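Below, each chain spelled out in residue letters.
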Amino acid sequence: MTQEEKELLFKDLCGRFPYKVYAQIYGSYISAIESIDIDGFVTDFEGTQIEIENFKPYLFPMSSMTEEQKKEWQSLMISGPYGILYHTIYSFDYLYKNHIDFRGLIEKDLAIDATGKNIY
């Protein structure tokens with residue numbers, strides 16, 4: 001994992017921590033991550049530190065959003081001139097809360113596609 005990929009994953013995870021982060025660590029399923037530190041270590045609910053390279057969150061691709069989810073998400077945006085929708089902090093929170101991959105982590109092999117999986 002490159003430093004750029006680590007930083008991207010770190011930034012994404014920071015926004016997801018207010019919500020339960022579901023992830024695969026060392027190829028095993030884990031349901032809760034307690035924290036992440038600036039040195040790139042994730043701490044699980046038992047206090048075990050895991051290097052970020054061995055951590056992959058379960059996320060849903062943007063393409064898996066239902067029409068209802070899209071409408072709810074768009075209702076959190078601000079409509080600008082010419083009908084352009086602009087994101088708000090609430091629209092990003094919606095994506096984090098619903099485990100939606102808006103940064104392309106799945107395509108970069110930094111996250112696992114949760115479509116069809118029972119991650120809850």
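Relevant structure appears above.
Asker: I tried to follow the nonpolar core on my own but got confused; where do I start?
Answerer: In globular proteins that are soluble, nonpolar side chains generally tend to be buried together. L13, I33, F55 and L105 are the most contacted members of the largest nonpolar core, which totals 18 residues. When residues of this core are traced back to their parent elements, those giving at least two are α1 (3-16), β1 (23-25), β3 (33-36) and β6 (55-61). Broken down by element, the residue count for this core peaks at three residues, all from α1. Those residues in contact with F55 that lie beyond four places of it in its chain are L9, L13, V21, A23, Q24, I25, I33, V42 and L110. Counting residues in each nonpolar core, the second largest holds 12 residues, with Y22, F60, M77 and Y94 among its members.

Asker: Would you mind showing me how to read the packing of aromatic side chains here?
Answerer: The description of an aromatic ring pair rests on the distance of the ring centres and on the angle between the ring planes. Evaluated as defined, the whole model comprises two aromatic pairs. The interplanar angle of 65° and the centroid separation of 5.3 Å between the aromatic rings of Y96 and F102 together place this pair among those described as edge-to-face. Connected via pairs of aromatic rings, a cluster forms that spans F92, Y96 and F102.

Asker: Any chance you could explain helix α3 (residues 89-97) here in plain terms?
Answerer: Given 3.6 residues per helical turn, the α-helix brings residues three or four places apart onto the same face. Taken as a whole, α3 has its buried residues at S91, Y94, L95 and Y96. Tucked inside the fold, the buried residues of α3 contact α1, α2 (67-74) and β9 (100-101). Just downstream of α3 lies H99, where phi reads positive at about 60°.

Asker: Would you mind going over unusual backbone geometry with me for this structure?
Answerer: Excluding glycine, residues mostly have negative phi values, and the peptide bonds linking residues are mostly trans. A positive phi angle, near 60°, is found at H99, a position not held by glycine. Locating H99 in the fold gives a position in the loop between α3 and β9. For D109, which is not glycine, the phi dihedral falls at a positive 60°. Mapping D109 onto the fold places it in the loop between β9 and β10 (112-113).

Asker: How do you make sense of the side chain of R16 when you look at a structure like this?
Answerer: By secondary structure assignment, the location of R16 is in helix α1. On the basis of relative accessibility, which here comes to 2%, the residue R16 falls in the buried class. Side-chain polar atoms of R16 contact the backbone oxygen of Y96, separated by 3.4 Å. Every residue in contact with R16, bar those within four places of it in the chain, is listed here: V21, L59, L95, Y96, H99, I100, D101 and F102.

Thresholds, definitions, all that
Residues numbered from 1 in each chain as written. Predicted model: local features only at pLDDT ≥ 70, side-chain atom pairs only at ≥ 80, totals over all residues. Heavy atoms only, no water. Core = buried A, V, L, I, M, F, W, Y, C linked by side-chain atoms within 4.5 Å. Buried < 20%, exposed > 50% of the residue type's maximum accessible area, 1.4 Å probe, protein only. Helix = DSSP H or I, 4+ residues; strand = E, 2+ residues; numbered from the N terminus. Contact = heavy atoms within 4.5 Å. Phe/Tyr/Trp six-rings, centres within 6.5 Å; stacked < 30°, edge-to-face > 60°. Polar contact = N/O pair within 3.5 Å; in protein donor to acceptor, adjacent residues only side chain to side chain.

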